[in-house]
Amino acid sequence: MPGNEWEPPVGSWASSAARRRNMQAIKSRDTKPERLIRKLVHAQGLRYRVAAKPLPDLRRTADMVFRPTRVAVFIDGCYWHGCPEHYVPPKTNSGYWSHKVARNMARDRDTDQRLTEAGWLVLRFWEHEPADDCAAQIATEVDKRRNRSRGNSESD
C-alpha cells in the first residue's frame, strides 16, 4: 500500500518501526542485574544513591553512588558496553551501532579516569557476573574505605 510505508523520523537510526519500538523500550536504569545487586547490598546494611551523579559537574550517572566513601558502581550491559565475552556486532545498521558501542566504551574509560582523579573508587561489573560476587565486592570496598576514613579521623 503506497503511502502507508513506515519512514524513520529525520536523523533516526531505526531500520524499521518495530526496531525503533524495541530500542526505545530498553531501560537505562533499574535493570534486573542492577535491582538484584542493589537488593543484596542493601541487605548488608549499606545505603547508597541510585542513578546519581558522583560529581556535580560530570554529566554522567553511576548505578550506585556511595558519597561518603566516594565509591561509584556501574553495572554495564554486555551489548551496550562491548563485553569481550558476549558482545555480538549487529547484523543491521552495523556501522551506526558498532560506532555507538565504541563511543560508549570510550566514555566509560573517560568516566573512570575523571572519577579516579577526583579520588573516587570506580567499580564496574558486567550484567552477566554473579550478583552475589558483585555485592560482596561492593560491600568489601565500601567497608575498607569507611574504615580507612575512620582511622584517619581518629588519629587527628
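Located above this text is the structure these notes cover.
Here goes a summary of the coordinates provided. (Residues numbered from 1 in each chain as written. Predicted model: local features only at pLDDT ≥ 70, side-chain atom pairs only at ≥ 80, totals over all residues. Heavy atoms only, no water.)

Attention now goes to the overall build of the protein chain. Assigned secondary structure in the protein chain consists of 4 helices and 4 strands. Counting from the amino terminus, helix and strand elements in the protein chain follow one another as α-α-β-β-β-α-β-α. Across the 156 residues that make up the protein chain, the buried fraction comes to 32%. Taking all contacts inside the protein chain whose residues are at least 6 apart in sequence as the whole, residues at least 24 apart take part in 52%. When the accessible surface of the protein chain is summed, it comes to about 10,100 Å², and 49% of that surface belongs to carbon and sulfur atoms. (Helix = DSSP H or I, 4+ residues; strand = E, 2+ residues; numbered from the N terminus. Buried < 20%, exposed > 50% of the residue type's maximum accessible area, 1.4 Å probe, protein only. Contact = heavy atoms within 4.5 Å. Areas by Shrake-Rupley, 256 points an atom, 1.4 Å probe, with all protein chains shown as cover.)

A word on the layout of surface pockets. Considering only enclosed or pocket space, the second largest pocket measures out at about 150 Å³ in volume. Residue lining of the second largest pocket: R47, Y48, R49, V65, F66, R67, P68, T69, V142, R146 and S149, and that is the complete set. Looking at the lining of the second largest pocket, the elements with two or more residues in it are strand 2 (62–66) and helix 4 (131–155). A per-element tally of the lining of the second largest pocket places helix 4 first, with 3 residues. Class assignment for the residues of the lining of the second largest pocket results in 5 nonpolar, 2 polar and 4 charged. (1 Å grid on protein atoms, 1.4 Å probe; cavity = no way out; pocket = protein on both sides within 12 Å on 5 of 7 lines; lining within 4 Å. Points joined across faces, edges and corners; volume = space filled by probe spheres on them. Nonpolar A, V, L, I, M, F, W, Y, C, P; charged D, E, K, R; others polar.)

What follows covers the nonpolar core. I37, V41, M64, F66, V73 and I138 are the most contacted members of the largest nonpolar core, which has 17 residues in total. Put simply, the parts of the chain that give this core at least two residues each are helix 2 (32–43), strand 2, strand 3 (71–76), strand 4 (121–126) and helix 4. Core analysis: the second largest hydrophobic core is formed by 10 residues, L55, L58, V65 and W120 among them. (Core = buried A, V, L, I, M, F, W, Y, C linked by side-chain atoms within 4.5 Å.)

Read from one edge to the other, the open sheet built from 4 strands follows the order 1-2-3-4, with strand pairing classed as mixed. In this open sheet, the two edge strands, each paired with only one partner strand, are strand 1 (49–52) and strand 4. Within the sheet, the average angular offset between the axes of one strand and its neighbour, ignoring direction, is 30°. The pairing of strand 2 with strand 3 spans 3 bridges and is antiparallel. Along strand 3, the bridge assignment pairs V65 with A72. This element, helix 2, spans strand 1, strand 2 and strand 3 of the sheet and lies at about 15° to strand 2. Along the sheet, helix 3 (residues 94–117) contacts strand 3 and strand 4; its crossing angle with strand 4, the most-contacted strand, is approximately 150°. (Pairing = 2+ DSSP bridges. Axes fitted to C-alpha atoms, helices over the stretch in contact; angles between N-to-C directions.)

With that out of the way, let us pick up the side chain of D112. Residue position: D112 is located in helix 3. In terms of polar contacts, D112 uses its side chain to reach the side chain of R109, at 3.3 Å. Every residue in contact with D112, bar those within four places of it in the chain, is listed here: V122 and R124. (Polar contact = N/O pair within 3.5 Å; in protein donor to acceptor, adjacent residues only side chain to side chain.)

What follows covers the environment of V73. One can find V73 in strand 3. Using a relative accessible area of 0% as the deciding quantity, one classes V73 as buried. Setting aside chain neighbours within four positions, we find V73 in contact with A62, D63, M64, F66, L123, F125 and I138.

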